[in-house]
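Listed here are the chains, written in short residue letters.
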Amino acid sequence: MTRYYLSKISIEGFRGINNDGDPLVIKFKPNAVNSIHAHNGVGKTSIFEAIHFAIFGDVPRLKRLQGAEHPESYVANKFHPSGEALVELCFEPDDGSAAVEIAIKRDAAGRRLATSRHPDPEKFLRELRQDFVLVDYTKFSDFVDASALERGRSFSSLVGLSAYSELRQLLEGASDTRTLNTDFDLRALQTDKTAREREVSEGTARALAAYAEITGQSATDLSDIESLCRIVSKALQNLEILKPVVGTSDVRNVDIAAAEKLVEKEEGGPMRARHAKVLKSITDLQALAAAGDEAEERRNILQLATDRDTAMTKAGSAALRVLYENAKEVVSDSLWDRKLCPVCDSKLDRDLLDHLKDRISQYAAADAANDKLGMEIRRVSSVVRFGNLEAAPEMGIALADRGHSAILQAADDQTLSTVDLQAVFARLDSYEQTRAAKLSELEKERVEIEGKLPPSLVAVSKMLAAVKEFCGALSAREKAAKALADVAQNLAVSLRWQDFITQAKNVFSGAENALANQRIGEIEAEYQTLFAALVRGGPDVRPTLERAAGSENIDLKLADFHGLAGVNARAVLSESYRNAVAASIFLAAASKYNGTPRFVILDDVTSSFDAGHQFSLMEAIRTKLQQPANANGLQFIILSHDSALEKYFDKQNGTADWSHQKLQGMPPIGRVMVSAQEADRLKVQAQNLLNAGQVDLGAPFVRQYLEYKLGHIISKLEIPCPPDYATRGDKRTLSTYLDAIVDAVDLYQAAGRCVLSAQQMADIKNTHVPSIVGNFVSHYETGSGTPFGAYALLGVLQSIDALADCFTWTDSSQSPPIKRFYKRLNRQ
């Protein structure tokens, strides 16, 4: 696939870079290491943040501010008149196809707009969003100090598996029990199904019991309802007193109320009505008797409650969980600093959102135990019987004294304790005693009434009560069966999805684990070799990444810590070594990645490196990782303020595999420029100001232009310089530059080895240097003499260019001929 280098950036009005009407333009070489040095406060970090904003859409430092601090108001430069920020990026493909240029503008209203000839610039930018593309010191340190889960997800991005990691997280979220319960209301469906099954079972039991009482025969089930109804209908039709109402009708079509009135009219009275009521109450109370396995059922439900209590104790209180979840809501806000605790305002050294997710995930076992307990509470017959006893009119329990609904609510709220459940069973035992006593009283009353009523009336009343119970049970059972079919269908669909998404999650997680382990294995030798090179001379502790089975967690351990194996790297390594470990892993992973970006931008990543490790890292990049030293290597762009590395950058500058530039300027009010590219701009700026008569403003640009040109001559011809020039940037003066150049020319001339022509040497000594010193340097450095005139300074600019030309020769082999600097004072 086509991969892209970053070949140019242009920035105006972004963060510390004002440059109103004169954007900061920096060009990068794809086939070399590119370094940019600047002292703190000159705009180096603004460049890093501008690229991050363009590619990732945000500024990391601003994301860490709280919303009340209005971080969005600091994206655009505060002093740019338009209030807008513009970042333009040019990406050069590695296959020779057309470059991609994208302009990202943040308008005064805060909207981010991307424009390009590319058909989908935002998609192109999204493909560049890999963890290794923009790396600062914080990212290195966070990788080592992060939790195993954070490190695992960061590593996924490093090796091009971020999309897999994100999909895995989505699948885990979708298959989470709480999510499924919330999305599909599985608990309510299961509870409803259980209730409907119980209603069907109760209706069946009531119908069979009534059938036995009516016919004196027993039936094992209701598989042949029509046959049972014919038998019951025949028994009812045989009662002479009821024939006017029953006739030859099916029992399900008989008006039982009319039959009862007929009996009451023929032989009735208050006693017969009471007899029917007593019979019904006896039937109802008998139906509320305990099942034979209720004692075992109670033991099981109490064990579930105990298991739930144990799981909750391990995870933490429910109130603490609520705190975690509320904090997660706050931290998930894109404007919140994810390393700031929303409870105590403490600054943390890790991402709080992932920490909260870790803590909340520990409630999974408690959730499972709570879900199981909640399901069983609604299913077990003892708790159902508890509710039915409270609702039975014969029990006479006031609504305010009933506890069944409170128990179910507590189970839903996951606050039902073992003690509460034991109290329920104690009340159930009390209710059972009351039920038995009530049933005994009703039985005595039934016997008394039946002794006073005519035998025929008693038989008819019993028959009517039983028939009424039979028909009511069949009707309730039919209604419950229909509802059960509907809820079972809905539940089956939801459970099929649950099975599918759970299996998909398991299969995908296993595949993602295997792929991640494969990627770890592919880079292990690379990062261990690179680490050994970075800490050359120190102990080779052999850092090792270990992916935990069944999760995204990655542990960072040391294979050999002074003879000990499996030691935690974070616990024992010094800061410099920890960052060397992170750098080794990041760069090894980046070198193996074959996605869209083929560049890495490093911002002050050596801040806490020991000096030796700093240079080892630079050398590893230059000799092993960069393109083209490594055919599959990357383009490196290094931003640094380190004065020690500045000397290294200066030394490497101009070689085939290194390009170095320096930032100059006065952010955030003034302009920021790159010295290696801004010489002509400095000259033009000076000329414009001087031609406008603004001598005081133009003179500093003349000085900057002279400093640049003299430094350029020294660098190009490798002119020997005093130690102060090489080691003390604050000791450099214009006289230092000029003296070094003139002394070198004198030395080579005296040795008879100077490559300059006689005319060039004469012009240097007799014309250009005296003109520059006399008209500018002596006055500028001492502050003495009369003020400069505009024409005098314009003449200085001409002398500067003429002096530089004295160190060039004309290459006539080119068409047209071009001027080239001599390689040294003794050769072309």
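Within each chain, residue numbers correspond to sequence positions counted from 1 in written order. For a predicted model such as this one, the threshold for reporting local features is a pLDDT of at least 70, and the threshold for listing and counting side-chain atom pairs is 80 or more; totals across whole chains, interfaces and linings nevertheless cover every residue. For side-chain calculations, the full set of non-hydrogen atoms in the structure is used, while hydrogens and water are omitted.

### A look at the packing of helix α4 (residues 137–145) against helix α22 (residues 575–592)
Running from N to C, α4 and α22 point in directions that differ by 100°, and their axes come no closer than 9 Å. If you check the angle between α4 and α22, you find them roughly perpendicular. Taking contact as the criterion, the partners of Y137, K139, F140, S141, F143, V144 and D145 in α4 are, on α22, E575, R578, N579, A582, A583, I585 and F586. Charged means Asp, Glu, Lys or Arg here, nonpolar means Ala, Val, Leu, Ile, Met, Phe, Trp, Tyr, Cys or Pro, and polar covers whatever is left, Gly included. Looking at the contact of α4 with α22 residue by residue, the classes come out as eight nonpolar, two polar and four charged. Note on geometry: axes are lines fitted to C-alpha atoms, helical ones only across the stretch in contact, with angles between N-to-C directions running from 0 to 180 degrees. Each helix corresponds to a stretch of at least 4 residues labelled H or I by DSSP, and each strand to a stretch of at least 2 residues labelled E; elements are numbered beginning at the N terminus. Oblique is the label for every angle not falling under 35 degrees (roughly parallel), over 145 degrees (roughly antiparallel), or within 65 to 115 degrees (roughly perpendicular). Contact criterion: two residues are considered in contact whenever any of their non-hydrogen atoms come within 4.5 Å of each other.

### Quick notes on the sheet that holds strand β9 (residues 554–558)
By definition, two strands form a pair when at least two bridges between them are found by DSSP. One open sheet holds the three strands; their spatial order is β8-β9-β10, and the pairing between them is antiparallel. Lying at the two open borders of the sheet, with one neighbouring strand each, are β8 (543–547) and β10 (567–568). Examined bridge by bridge, β9 and β10 share two bridges and lie antiparallel to one another. Paired with K557 across the two strands is N568, which belongs to β10.

### Here we look at the sheet that holds strand β12 (residues 635–640)
Within a sheet, neighbouring strands are paired by backbone hydrogen bonds and run either parallel or antiparallel to one another. Taken in spatial order, the six strands line up as β7-β11-β12-β3-β13-β14 in an open sheet, and their pairing is mixed. Of all the strands in the sheet, just β7 (134–136) and β14 (672–674) have a single pairing partner and so form its edges. Strand-to-strand, the axes of this sheet are offset by a mean angle of 20°, without reference to chain direction. Bridging between strand β3 (residues 33–37) and strand β13 (residues 658–665) involves five bridges; their strand directions are parallel. The partner of N34 across the bridge, within β13, is S659. Where helix α23 (residues 611–625) meets the sheet, its contacts fall on β3, β11 (599–603), β12 and β13, and the angle it forms with β12 comes to roughly 165°.

### Notes on the domain arrangement of the protein chain
With domains assigned, the protein chain is organised as domain 1 (1–130 + 593–674), domain 2 (293–445) and domain 3 (678–821). Domain segmentation is taken from an automatic or database assignment of domains. On a C-alpha basis, the centroid separation for the pair domain 1 and domain 2 is 56 Å. With six residues of domain 1 in contact, the opposing surface of domain 2 contributes six residues. By buried area we mean the combined loss of accessible area, with a 1.4 Å probe, across both parts when two parts are placed together. Buried area between domain 1 and domain 2, summed over both chains or domains, comes out near 500 Å², and the portion from carbon and sulfur atoms is 52%. When the buried surface of domain 1 facing domain 2 is broken down by residue, K63, R64 and Q66 rank first, second and third, together holding 73% of it. Whenever a carboxyl oxygen of Asp or Glu lies within 4 Å of a side-chain nitrogen of Lys or Arg, that contact is scored as a salt bridge. For the interface between domain 1 and domain 2, the tally reads zero salt bridges. Its residues assigned to classes, the side of domain 1 that touches domain 2 comprises two nonpolar, two polar and two charged.

### Describing the packing of aromatic side chains
Centres within 6.5 Å are what make two rings of Phe, Tyr or Trp a pair, Trp counting through its six-membered ring; a difference in plane orientation under 30 degrees is then read as stacked, over 60 as edge-to-face, and the rest as tilted. If you walk through the whole model with that rule in mind, you get 13 aromatic pairs. Arranged with centres 5.5 Å apart and planes meeting at 45°, the rings of F14 and F53 form a pair that is tilted. Taken together, the residues F14 in the loop between β1 (4–12) and β2 (24–27) and F53 in helix α1 (residues 44–56) connect sequence positions 39 residues apart. Across this residue pair, the class does not change: F14 and F53 are buried. Grouping aromatic residues by their ring pairs yields a cluster made of Y4, F91, F124 and F599. Cation placement over rings: the criterion is NZ of Lys or CZ of Arg within 6 Å of the ring centroid and within 35° of the ring normal. Sitting over the face of the ring of Y74, K78 holds its NZ or CZ atom 4.5 Å from the ring centroid. Between R112 and the ring centre of F53, over which it is positioned, the NZ or CZ distance is 5.6 Å. Relative accessibility thresholds used throughout: buried, under 20% of the residue-type maximum; exposed, over 50%; partly exposed, between the two (1.4 Å probe, protein chains only).

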